Amino acid sequence: MGSVQAAGSVRARYLVYFQYVGTDFNGVAAVRGTQRAIGVQNYLEEAAQRLNSVVPVRFTISSRTDAGVHALSNAAHLDVQRRSGRPPFPPEVLAEALNTHLRHPAIRVLRAFRVPSDFHARHAATSRTYLYRLVTGCHRLAELPVFERNLCWTLQADCLDVAAMQEAAQHLLGTHDFSAFQSAGSPVPSPVRTLRRVSVSPGQASPLVTPEESRKLRFWSLEFESQSFLYRQVRRMTAVLVAVGLGALAPAQVKTILESQDPLGKHQARVAPAHGLFLKSVLYGSLGKRSGPGSSCYVPSDCCGHGVEWGGQGPLTAARQLGVKEPPPPGSQSFSPARPGLTHSLAMGVVPVVGRVG
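Before going into details, it helps to say that this report is about the structure given with it. (Residues numbered from 1 in each chain as written. Predicted model: local features only at pLDDT ≥ 70, side-chain atom pairs only at ≥ 80, totals over all residues. Heavy atoms only, no water.)

1. Things to note about the layout of surface pockets
Alright, step 1. Computed from the structure, the largest pocket encloses a volume of approximately 850 Å³.
Alright, step 2. The wall of the largest pocket is formed by 34 residues, among which Ser63, Arg64, Phe229, Leu230 and Tyr231 lie closest to the centre.
Alright, step 3. Elements represented by at least two residues in the lining of the largest pocket include exactly β6 (127–136) and α5 (233–245).
Alright, step 4. It is α5 that provides the largest number of residues to the lining of the largest pocket, a total of three residues.
Alright, step 5. Here the residues of the lining of the largest pocket are counted per class, giving 16 nonpolar, eleven polar and seven charged. (1 Å grid on protein atoms, 1.4 Å probe; cavity = no way out; pocket = protein on both sides within 12 Å on 5 of 7 lines; lining within 4 Å. Points joined across faces, edges and corners; volume = space filled by probe spheres on them. Helix = DSSP H or I, 4+ residues; strand = E, 2+ residues; numbered from the N terminus. Nonpolar A, V, L, I, M, F, W, Y, C, P; charged D, E, K, R; others polar.)

2. Quick word on the nonpolar core
Alright, step 1. Core analysis: the largest hydrophobic core is formed by 83 residues, its most contacted members being Phe59, Leu134, Phe181, Phe224, Met237 and Tyr284.
Alright, step 2. Residues in contact with Met237, not counting those within four places in the same chain, are Leu172, Phe178, Phe181, Leu195, Phe224 and Phe229.
Alright, step 3. Counting residues in hydrophobic clusters, the runner-up holds seven residues, among them Val135, Leu144, Leu217 and Phe219. (Core = buried A, V, L, I, M, F, W, Y, C linked by side-chain atoms within 4.5 Å. Buried < 20%, exposed > 50% of the residue type's maximum accessible area, 1.4 Å probe, protein only. Contact = heavy atoms within 4.5 Å.)

3. Observations regarding the pattern of salt bridges
Alright, step 1. The final tally for this structure, using the stated rule, is eleven salt bridges.
Alright, step 2. Arg133 is the salt-bridge partner of Glu148, the closest N and O atoms lying 2.9 Å from each other. With Glu148 in the loop between β6 and β7 (153–154) and Arg133 in strand β6, this pair connects stretches of sequence that are 15 residues apart.
Alright, step 3. Two residues, Glu223 and Lys280, come together in a salt bridge whose shortest N-O distance is 2.8 Å. On the criterion of sequence distance, the pair formed by Glu223 in strand β10 (residues 218–226) and Lys280 in strand β11 (residues 277–283) is long-range, its members being 57 residues apart.
Alright, step 4. On the basis of relative accessible area, Glu223 is assigned to the buried category, the value being 1%.
Alright, step 5. Judged by relative accessible area, which is 14%, Lys280 ranks as buried.
Alright, step 6. Through salt bridges with shared partners, one network takes in Arg197, Glu223, Glu225 and Lys280. (Salt bridge = Lys/Arg side-chain N within 4 Å of Asp/Glu carboxyl O.)

4. Some words on the pairing of strand β2 (residues 9–20)
Taken residue by residue, a regular strand's side chains alternate between the two faces of the sheet.
Alright, step 1. Within β2, ten of the twelve residues are buried, which leaves it mostly tucked inside the rest of the structure.
Alright, step 2. When β2 meets strand β4 (residues 70–81), the two strands line up antiparallel, connected through nine bridges. The residue of β4 that forms the bridge with Arg13 is Asp79.
Alright, step 3. Two elements, β2 and strand β5 (residues 107–115), share eight bridges in a ladder whose sense is antiparallel. The residue of β5 that forms the bridge with Arg13 is Val115. (Pairing = 2+ DSSP bridges.)

5. Thoughts on a nonpolar patch on the surface
Alright, step 1. Together, Val146, Phe147 and Leu208 make up a nonpolar patch on the protein surface, roughly 310 Å² of accessible area in all.
Alright, step 2. Mapping Leu208 onto the fold places it in the loop between β9 (192–202) and α4 (211–214).
Alright, step 3. The class for Leu208 is partly exposed, based on a relative accessible area of 41%. (Patch = residues over 30% accessible without salt bridge, like charges linked within 9 Å, V, L, I, M, F, W, Y side chains within 5 Å. Areas by Shrake-Rupley, 256 points an atom, 1.4 Å probe, with all protein chains shown as cover.)

6. What about the side chain of Glu143?
Alright, step 1. Position of Glu143 relative to the elements: it lies in the loop between β6 and β7.
Alright, step 2. Side-chain polar atoms of Glu143 contact the backbone nitrogen of His139, separated by 2.9 Å.
Alright, step 3. Not counting chain neighbours up to four residues away, the residues in contact with Glu143 comprise Gly137, Cys138, Glu213, Lys216 and Leu217. (Polar contact = N/O pair within 3.5 Å; in protein donor to acceptor, adjacent residues only side chain to side chain.)

7. A short note on helix α1 (residues 40–48)
It helps to recall that an α-helix has 3.6 residues per turn; residues three or four apart then point in one direction.
Alright, step 1. By the criterion of burial, α1 is predominantly enclosed, with eight of the nine residues buried.
Alright, step 2. Buried residues along α1 sit against β2, β3 (60–61), α2 (91–101) and β5.

8. Here we look at unusual backbone geometry
Alright, step 1. Unlike most non-glycine residues, Asn52 shows phi in positive territory, near 60 degrees.
Alright, step 2. If you trace the backbone, Asn52 turns up in the loop between α1 and β3.
Alright, step 3. By relative accessible area, Asn52 is classed as partly exposed at 48%.
Alright, step 4. Even without glycine at this site, Arg232 takes up a positive phi of about 65 degrees.

9. Brief notes about the environment of Ala124
Alright, step 1. With respect to the helices and strands, the residue Ala124 is situated in the loop between β5 and β6.
Alright, step 2. The residues touching Ala124, leaving out its near neighbours within four places in the chain, are Phe119 and Tyr284.

Written out as structure tokens, the structure is:
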């Protein structure tokens, strides 16, 4: 689980789940140099400096999101190499330490796990799910509650033809060349992807609107699941499905667009706004096996992010070594590492499955 770098010095690799409201960031990836823009990764790595690792800590992000896109649960791996004679941090202490030192309130670490030294957060992911939120019944931005303005796409319509959108979505299911839905000029070895699941449904009523507003505002949810997506594929598919829902396209035209493999076509060139998109979950199906006795690690025991502890020192000892405020006694409400399964159950509404592959 860790690689020895020097006498008594062990480099430990961790998988970290984290969430963020993307409004203030230039995407999740770090922005290097002297640019004024900043990414979520910049803040995570800044917080990681307080771990006092022998080598600088760098986060390898599982799923890159654009400026304005949010994440209910993204993931990354990082290596921490403690000084000679010091054991690796227990994962729950690492997560607490990162949260303690994060300087931006719109970022939160959900949970951490010890993983093998050859684990890769991006390459090992077996499933990614994106959620897109829409709202109808709002003809001007001023009619939308301020709490929702950066969390959904406001459509100047009173309703959507959900049945037509569901019919159109069926054409996207399965393995296809999705060139028509990627940004033109995006470098990618292959535009072929397998869309395992797509759903279109009414979303839950927002608790952030008044009773009077809730009578006219309606929220809608789209979900897409695949092992990986092309650049802006989800936002382009969303824009086309919304065009169907508004009557600007017929469901059968989605198949024609897909088969055209042309990203510059009249309809598929539209891109849904970034602020309505959420990375909902990143799953790993290959973790959960014990790497050896005394490995002192937490690893997901299944794809839903549950953890299993394999020995090692307790959080109090590690917290003292790190200099992090120690957790209060059991039963206290102020120290609460993310609950099992939390990283993959934060969806903003119940979305029934319309179609599934496999």
